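Structural characterization, general
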Amino acid sequence: MAGINCWSQQLGFAILISFVLCFVLLCFDYSALTSTTTTTSHSGHSTPLVNNFANANANAHAIITNSSDDSISPLPHNPLVIVLNQTEIDSCLGRYIYIHQLPGRFNQDLLKNCHLLTPGTDKNMCPYLGNFGFGPGINEENQEIVLLNESWFLTNQFLLEVIFHNKMKNYRCLTNDSSIASAIYVPFYAGLDIGRYLFGGVSTLVRDSSGLDLVKWLAEKPEWKKLWGRDHFLVAGRIAWDFRRQTDNESDWGSKFRFLPESKNMSMLSIESSSWNNDFAIPYPTCFHPSKESEIIGWQDTMRKRKRQYLFSFAGAPRPDLKGSIRGKIIDQCLASGSLCRLIDCNYGATNCDNPVNVMKVFQNSVFCLQPPGDSYTRKSVFDTILAGCIPVFFHPGTAYAQYLWHLPKNYSSYSLYIPVRDVKDWRVNVNETLVGISEDRILALREQVVRLIPSVIYADPRSKLETLEDAFDLAVKGILERIEQVRSSIRQGRGPGVGFADGDDYKYTFAPYGKES
């Protein structure tokens, strides 16, 4: 009897041990299931998606690279996954961007031969390539201008495509897997390329050669066939008109790159758009490239509180040979206004406009800054004006209102004044009298809106991580992603991807009724 009892106790103990072991194994299995999920990539391999906030942050950090070449470090298949109540949320979903690794002749080789980039001028572009394309730092000790010296640079506007490329290399939703990308970035330095051939009677065959070679290269890639290029975009540091030569006459300006069939399927972001729907304008680069949000906020506070001694100012030169130019009359009125207006002479040979310190000093001491069109509709001065907290005064809707739709408010009267010019010969407006009549309350409201726009018109240091503010790059990326999603939506609705995509818009630069001037 005692033996039977002993055997029963042993059996019970064994059952208890087995139950405990099964329970432990089940717990282990459950924790494994809730900590990782296996997904199959397009290549057929299974890869784990890490459902751990700390690991997601570590992965996000891993994709940031400061290298100056075109290579992208290997990325996790799903780098930014966050768990909320056991549900995976990919914070990059719909925002992944794939960068084409172009042959060097389309970008890096241009920089290696920087002394050849701008024939027809006496400016050597090589010094401006440093600091991620921002150029040499401004070391002048001038507390009226520079809040933090290390954030100010002698930036050349033609290097926007280099600046954008360096910013894109540090974009947090990059991917090496083009199949999950919402957009394909083509880092072709189109502006630097055509800039070599705009002067000196270079043949159209030479001017068009790089563009033809590029679209041939792109069309052979598997990424092209997904949407036949309509999810591809590139950035240029010149106005879009430089790529829209409409004939093969040797005397005509620019290249015909944007009229090539494949190029029509892509979107171009440039400092000034054309009247075609596949061209979009993004801000000219200013000289302020902060690395911290605190620098931006500090600069905004400084400009908000600034005491301004001039009612209005103008930086520029007359355009006597340009039909319809209002600049001559504006300069005459500025000179006639005495101490109320400050003129910065930018005639050929003058050096005032080449020094951003001189320009910023005048703009940040002015209540209003006049922005008439120049050789084209737009001006870099528009963004220097906003950076200085100076209220821009526009004379044509094509200078800003019809251009920077992703970066400036649709209600133009919230941040600027508009003085229309129907016919220069009959123009009788007195700028001085018009601006004197603006109430102090309205000036304060306009300036506040201008100051709030400062983050959206600057390109922050690519190594920076702005947490609550979006810079010009961020807004440009958001805009192009939305544009491409509209194409996909059109496909889903059965309307096809190309409806109106590359059409011309003859009314683009007519007055856009976004607001009413009072």
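The paragraphs below set out a description of the structure included in this document. Quick caveat, the model's predicted, so the values are computed rather than measured. (Residues numbered from 1 in each chain as written. Predicted model: local features only at pLDDT ≥ 70, side-chain atom pairs only at ≥ 80, totals over all residues. Heavy atoms only, no water.)

Some points on the overall build of the protein chain
For the protein chain, the helix and strand inventory stands at 15 helices and 14 strands. Expressed as a percentage of its 518 residues, the buried residues of the protein chain come to 51%. Residue pairs in contact within the protein chain that sit at least 24 positions apart in sequence constitute 72% of those at least 6 positions apart. Counting only carbon and sulfur atoms, one obtains 55% of the accessible surface of the protein chain, whose full area is about 24,500 Å². (Helix = DSSP H or I, 4+ residues; strand = E, 2+ residues; numbered from the N terminus. Buried < 20%, exposed > 50% of the residue type's maximum accessible area, 1.4 Å probe, protein only. Contact = heavy atoms within 4.5 Å. Areas by Shrake-Rupley, 256 points an atom, 1.4 Å probe, with all protein chains shown as cover.)

What about the sheet that holds strand E8 (residues 267–272)?
Overall, parallel pairing links the 5 strands, which are arranged E5-E6-E7-E8-E9 in an open sheet. Where the open sheet ends on each side, the last strands, each with one partner, are strand E5 (97–99) and strand E9 (279–281). Across the sheet, the axes of successive neighbouring strands diverge by a mean angle of 35°, strand direction being ignored. As defined by bridge partners, E5 adjoins strand E6 (residues 183–185) across 3 bridges and the pair is classed as parallel. Across the sheet, the residue bridging to Tyr98 is Ile184, located in E6. Against the sheet, helix H4 (residues 160–168) makes contact with E5, E6, strand E7 (232–239) and E8, and its axis sits at roughly 145° relative to E7, the strand it touches most. The strands that helix H15 (residues 472–492) touches are E5, E6, E7, E8 and E9; relative to E8, the one it contacts most, it runs at about 145°. (Pairing = 2+ DSSP bridges. Axes fitted to C-alpha atoms, helices over the stretch in contact; angles between N-to-C directions.)

Focus: the state of the cysteines
On inspection of all chains with the given rule, the structure shows 5 disulfides. A sulfur-sulfur separation of 1.9 Å characterises the disulfide bridge that pairs Cys334 with Cys341. Every disulfide takes its handedness from the sign of the S-S torsion; for Cys334 and Cys341 that torsion is -95°, giving left-handed. A single burial state applies to Cys334 and to Cys341, both of which are buried. Bridging Cys346 to Cys353, the disulfide has an S-S length of 1.4 Å. On the sign convention where negative is left-handed, the bridge of Cys346 and Cys353, at about -55° about the S-S bond, is left-handed. Cys353 sits in the partly exposed class, given a relative accessible area of 26%. In the protein chain, numbering the disulfide-bonded cysteines from first to last in sequence yields the connectivity 1-4, 2-3, 5-6, 7-8, 9-10. (Disulfide = S-S within 2.5 Å.)

Considerations on the pairing of E7
The buried count for E7 comes to 8 of 8 residues, which makes it a mostly enclosed element. Pairing of E6 with E7, which is carried by 2 bridges, proceeds in the parallel orientation. Considered in E7, the bridge of Tyr185 is made with Phe233. The pairing of E7 with E8 spans 5 bridges and is classified as parallel. Within E8, the position partnered with Phe233 by the bridge is Ser267.

A short note on the packing of aromatic side chains
Inspection of the entire model under this criterion finds 22 aromatic pairs. Plain terms: the ring middles of Trp152 and Phe288 are 4.7 Å apart, the flat faces sit at 25° to each other, and that makes the pair stacked. Separated by 136 residues along the polypeptide, Trp152 in the loop between helix H3 (108–112) and H4 and Phe288 in the loop between E9 and helix H9 (293–305) bring together distant segments of the chain. Each of the two residues, Trp152 as well as Phe288, counts as buried. Between the aromatic rings of Tyr412 and Tyr418, the centroid separation amounts to 6.1 Å while the plane-to-plane angle is 75°, which identifies the pairing as edge-to-face. Members of the aromatic cluster, connected to one another through ring pairs, are Phe164, Tyr171, Tyr185, Phe233 and Phe473. (Phe/Tyr/Trp six-rings, centres within 6.5 Å; stacked < 30°, edge-to-face > 60°.)

Considering the pairing of strand E13 (residues 391–394)
On a regular strand, one side chain projects to one face of the sheet and the next to the other, so that they alternate. The alternating pattern of E13 places Ile391 and Val393 and Pro392 and Phe394 on opposite faces, both of which are buried. Of the pairings in the sheet, the one linking strand E12 (residues 366–371) to E13 comprises 4 bridges and is parallel in character. Bridge pairing links Phe368 to Ile391 in E13. With helix H12 (residues 381–387) bridging E12 and the parallel E13, this β-α-β connection has right-handed handedness. Pairing geometry for E13 and strand E14 (residues 417–418), over 2 bridges, is parallel. If you follow Val393 over to E14, its bridge partner there is Leu417. (Right-handed = clockwise from strand over helix to strand, strands pointing away.)

Some words on helix H6 (residues 204–219)
Under the 1.5 Å per step criterion, the end-to-end length of H6 is 22 Å for 16 residues, consistent within 8% with the ideal 22 Å. The sharpest bend along H6 measures roughly 30° and falls at Ser210. When we look at burial in H6, the residues that qualify are Thr204, Arg207, Asp208, Ser210, Gly211, Leu214, Val215, Trp217 and Leu218. In this structure, the buried residues of H6 make contact with helix H5 (190–195), helix H7 (224–227), E7 and helix H8 (261–264). (Expected span 1.5 Å × (residues − 1). Bend = angle between axes of the 7 residues up to and from the residue.)

Here's the deal with the sheet that holds strand E10 (residues 310–316)
Pairing is parallel across the open sheet formed by 5 strands, whose spatial order is E11-E10-E12-E13-E14. Strand pairing shows two members of the sheet lacking a second neighbour, strand E11 (341–345) and E14, which therefore form its edges. Pairing analysis gives 3 bridges linking E10 to E12, with the strands arranged parallel. Bridging from a neighbouring strand, Tyr310 pairs with Ser366 of E12.

Side note on the packing of H4 against H15
At their nearest, the axes of H4 and H15 sit 11 Å apart, and the two run at 80° to each other. Compared by their axis directions, H4 and H15 come out roughly perpendicular. Residues Phe164, Lys167 and Met168 of H4 form the contact with H15, whose participating residues are Phe473, Ala476 and Val477. Looking at the contact of H4 with H15 residue by residue, the class counts come to 5 nonpolar, no polar and 1 charged. (Parallel < 35°, antiparallel > 145°, perpendicular 65-115°, else oblique. Nonpolar A, V, L, I, M, F, W, Y, C, P; charged D, E, K, R; others polar.)

Thoughts on the environment of Ser413
When you line up the elements, Ser413 lands in the loop between E13 and E14. In the structure, Ser413 is positioned 33 residues away from Leu446 in sequence and 8.2 Å away in space, judged by C-alpha atoms. Within the structure, the side chain of Ser413 is placed 2.8 Å from the side chain of Asn411, a separation counted as a polar contact. (Polar contact = N/O pair within 3.5 Å; in protein donor to acceptor, adjacent residues only side chain to side chain.)

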